[in-house]
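# Commentary on secondary and tertiary structure
Here are the chains, one letter per residue:
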Amino acid sequence: MIDRYTRPEMGAIWSDENRYRKWLEVELAVCEAWAELGKIPLPSLQKIKDRATFSVSRIVEIENVVKHDVIAFVEAVGENVGEEARYIHMGLTSYDVVDTALSLLIKESLKRILDELPSLQNAIKEQALRHKKTLIIGRTHGVHAEPITFGIKLLVWYEELNRQAERLRQAQTRMNVGRISGSVGTYIHLDPRVEELALRKLGLEPARVSTQVLQRDRHAEVLASLALLGSSLDKFATEIRHLQRTEVLEAEEPFTKGQKGSSSMPHKKNPVRAERVSGLSRLLRANLLVALENIPLWHERDISHSSAERIIFPDSFILTDYLLAEMTEIIGGLVVHEKKMRENIGLTGGLIFSQRVMLALTEKGLPRPKAYELIQRASLKVWQEKLRLEEVLAADPEIRKILSNEEIAACFSLDPYLEKIDFIFEKVLGK
């Protein structure tokens, strides 16, 4: 990962130091389990716990010779432990340690993401409540539809993050497993009680069945939950980018003191942070594809997934952590141009009220197809001649036979678009 996007706390979780620390936690938990079962003398266990340590540089030095990271780790720790090192890694295969430790790393990382997510939700909620009844044009296909409020737009984002949080928690639950069951998962050199005792100490559940590895559908689900969250952030960022276009200019990401938008054009204020969120979220989706490809391994395990996972898990978690923080700052400092929102509502000369006029005609008994035809004809005239719909309708004899000037004018009020906003907010946020 590029250093500028690495937030220290999440980066530390995926550091070599912490990864080996988790490996050591697994090894010590297994030693404690063997001791409980009488296979390791308690004095020996105490010496192991007192002396078991490592240095990353020594592990790397040994690995350069043996070309196997777990062997290098076990030898590096054993050098510090001494004679009792013969009990370390007893009955285990490498992935008893690596996969169980990976579950611990993912668990720790998911907790951090879930702890960070409420900050973004609160920022969105505050803006949603602030602009609960700030009218803005709704757009479908990029074309003006009918008015909504900016608060509703943000409320949709808030509720979407509720669903993303639930997905993260579900992935966290399914990933809260480890395996200490030997070379192909049959406990041939292990007492199954070792797995149960060791994983309990680590706060994990034993997988009900495994091969030499935990099955990678669990890991893919984790990456899927991050990719989905990233896609939501991309969605929010894309909306902000659209709203910041010069022709729209209804909202802007914060532009800080001293910031410059272009090396050649001093007037530019570009949505670069939102664009960065959109760009980096693509990597989360790309990493998910790798995780899906990791599911079909050969027989009881091959190593094709291992090298890829050393990239996709740190990168995806560090990226997600960064994107959450970035979007929280963008939303918290969002510049909202309420006046421009009102101006843009009027850009189409009242065409956005066409449905209300059509419904008014049908309420008077006019068949819907005929009402649609009359309003569409009037609307096309407005488009072509740059007129106002209310004036065109008032001059149309067929419509004047059915609706009075007062009834036509009533169709062009914005007040009704605010009537049910409180109801929608209460559905999401309660009273």
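Predicted, not measured: the structure shown is a model, and the values here were computed from it.

### Some points on the overall build of the protein chain
- Along its length, the protein chain carries 18 helices and six strands.
- A compact globule built from 431 residues should have a C-alpha radius of gyration of about 22 Å, whereas the protein chain, at 30 Å, is more than 25% larger.
- With the principal axes as the frame, the protein chain shows a C-alpha extent of 100 × 55 × 40 Å.
- For the protein chain, with 431 residues in total, the buried portion stands at 49%.
- A separation of at least 24 residues holds for 76% of the contacts in the protein chain among residues at least 6 apart in sequence.
- For the protein chain, the separation between the mean place of its 61 positive charges and that of its 62 negative charges on side chains is 4 Å.

### Remarks on a nonpolar patch on the surface
- A surface patch of nonpolar side chains, about 240 Å² in accessible area, is lined by Val65, Val66 and Ile71.
- In this structure, Ile71 sits in helix α5 (residues 69-81).
- With relative accessibility at 38%, the residue Ile71 sits in the partly exposed group.

### A short note on the packing of aromatic side chains
- Inspection of the entire model under this criterion finds 10 aromatic pairs.
- Between Trp14 and Phe313, the ring centres sit 6.3 Å apart and the planes meet at 15°, which makes this aromatic pair stacked. Linking Trp14 in the loop between α1 (8-13) and α2 (16-36) with Phe313 in helix α11 (residues 304-332), this pair joins segments that are 299 residues apart in sequence.
- Given the relative accessible area of 13%, Trp14 is considered buried.
- You can call Phe313 buried: its relative accessible area is 1%.
- With 5.4 Å between their ring centres and 90° between their planes, Trp23 and Phe73 make a pair best called edge-to-face. With Trp23 in helix α2 and Phe73 in helix α5, the pair connects residues that are 50 residues apart, well separated along the chain.
- Assessed through its relative accessible area of 3%, Trp23 is described here as buried.

### So, the pairing of strand β2 (residues 143-149)
- Note that strand β1 (residues 135-140) and β2 share five bridges and pair antiparallel. Paired with Arg139 across the strands is His144, a residue of β2.
- Hairpin connection, β1 to β2: the antiparallel pair is bridged by two residues, and His141 has positive phi, about 60°.

### Thoughts on the pattern of salt bridges
- Counted by the stated rule, this structure contains 39 salt bridges.
- Residues Asp96 and Arg179 are paired through a salt bridge, measuring 2.7 Å at the closest nitrogen-oxygen approach. With Asp96 in helix α6 (residues 94-130) and Arg179 in the loop between β3 (177-178) and α8 (192-202), this residue pair connects regions lying 83 residues apart in the sequence. Each member of the pair, Asp96 as well as Arg179, is classed as buried.
- Taken together, the shared-partner salt bridges connect Lys370, Glu373, Arg377, Asp396 and Glu398 into one network.

### Thoughts on the nonpolar core
- Trp14, Ile106, Ile124, Val222, Phe317 and Met327 are the most contacted members of the largest nonpolar core, which totals 64 residues.
- Those elements that provide at least two residues to this core are α1, α6, α7 (150-174), α9 (217-243), α10 (272-293), α11 and α18 (421-429).
- Leaving out residues up to four positions away in the same chain, Val222 has contacts with Ile106, Leu110, Ala171, Met175, Phe313 and Phe317.
- Formed by 44 residues, the second largest nonpolar core is a distinct cluster that contains Ala33, Tyr87, Tyr95 and Leu190.

### Overview of the packing of α2 against α6
- Taken N-terminus to C-terminus, the directions of α2 and α6 make an angle of 120°; their axes are 9 Å apart at the nearest point. By the criterion of interaxial angle, the relationship of α2 to α6 is oblique. The handedness of the crossing between α2 and α6 is right-handed. Packed against α2, whose contacting residues are Asn18, Arg19, Lys22, Trp23, Glu25, Val26 and Glu27, the element α6 presents Asp96, Val97, Val98, Thr100, Ala101, Leu104, Leu105 and Glu108 at the interface.

### Description of the packing of helix α13 (residues 354-363) against helix α14 (residues 368-385)
- Interaxial distance between α13 and α14 falls to 9 Å at its minimum, and their mutual angle equals 145°. As for the relative orientation of α13 and α14, their crossing is right-handed in sense. Taking contact as the criterion, the partners of Ser354, Val357, Met358, Leu359, Leu361 and Thr362 in α13 are, on α14, Arg368, Ala371, Tyr372, Ile375 and Ser379.
- For the contact of α13 with α14, the per-class residue count stands at seven nonpolar, three polar and one charged.

### Here's the deal with α13
- Where α13 is concerned, the buried positions are Val357, Met358, Ala360 and Leu361. Projected onto a plane normal to the axis of α13, the buried residues spread over an arc of 160° and lie on a single side.
- Close packing links the buried residues of α13 with α14, α15 (389-394) and α16 (397-400).

### Examining the side chain of Gln127
- Note on placement: Gln127 falls in helix α6.
- Not counting chain neighbours up to four residues away, the residues in contact with Gln127 comprise Leu154, Ile331, Gly332 and Leu334.

### Brief notes about unusual backbone geometry
- Phi at Lys67 is positive, roughly 60°, even though this residue is not glycine.
- Within the secondary structure layout, Lys67 lies in the loop between α4 (56-66) and α5.
- Given a relative accessible area of 64%, Lys67 falls into the exposed group.
- The phi angle at His89 is positive, at roughly 70°, despite the residue not being glycine.

### Quick notes on the confidence of the model for the protein chain
- Considering every residue of the protein chain, the mean pLDDT works out to 94; 98% of them sit at 70 or more.
- Of all the helices and strands in the protein chain, α1 carries the lowest mean pLDDT, 91, while α7 carries the highest, 98.

### Comments concerning the environment of Lys386
- Its location among the elements puts Lys386 in the loop between α14 and α15.
- With 42 residues separating them along the chain, Lys386 and Val428 place their C-alpha atoms 40 Å apart.

Scoring rules and cut-offs
- Residues numbered from 1 in each chain as written.
- Predicted model: local features only at pLDDT ≥ 70, side-chain atom pairs only at ≥ 80, totals over all residues.
- Heavy atoms only, no water.
- Helix = DSSP H or I, 4+ residues; strand = E, 2+ residues; numbered from the N terminus.
- Rg over C-alpha atoms; globule rule 2.2 N^0.38 Å.
- Buried < 20%, exposed > 50% of the residue type's maximum accessible area, 1.4 Å probe, protein only.
- Contact = heavy atoms within 4.5 Å.
- Lys, Arg positive; Asp, Glu negative; His and termini not counted.
- Charge placed at Lys NZ, Arg CZ, Asp CG, Glu CD.
- Patch = residues over 30% accessible without salt bridge, like charges linked within 9 Å, V, L, I, M, F, W, Y side chains within 5 Å.
- Areas by Shrake-Rupley, 256 points an atom, 1.4 Å probe, with all protein chains shown as cover.
- Salt bridge = Lys/Arg side-chain N within 4 Å of Asp/Glu carboxyl O.
- Phe/Tyr/Trp six-rings, centres within 6.5 Å; stacked < 30°, edge-to-face > 60°.
- Pairing = 2+ DSSP bridges.
- Core = buried A, V, L, I, M, F, W, Y, C linked by side-chain atoms within 4.5 Å.
- Axes fitted to C-alpha atoms, helices over the stretch in contact; angles between N-to-C directions.
- Parallel < 35°, antiparallel > 145°, perpendicular 65-115°, else oblique.
- Left-handed = near helix turned anticlockwise from the far one by under 90°.
- Nonpolar A, V, L, I, M, F, W, Y, C, P; charged D, E, K, R; others polar.
- Arc of directions from axis to C-beta.
- pLDDT = per-residue confidence, 0-100.

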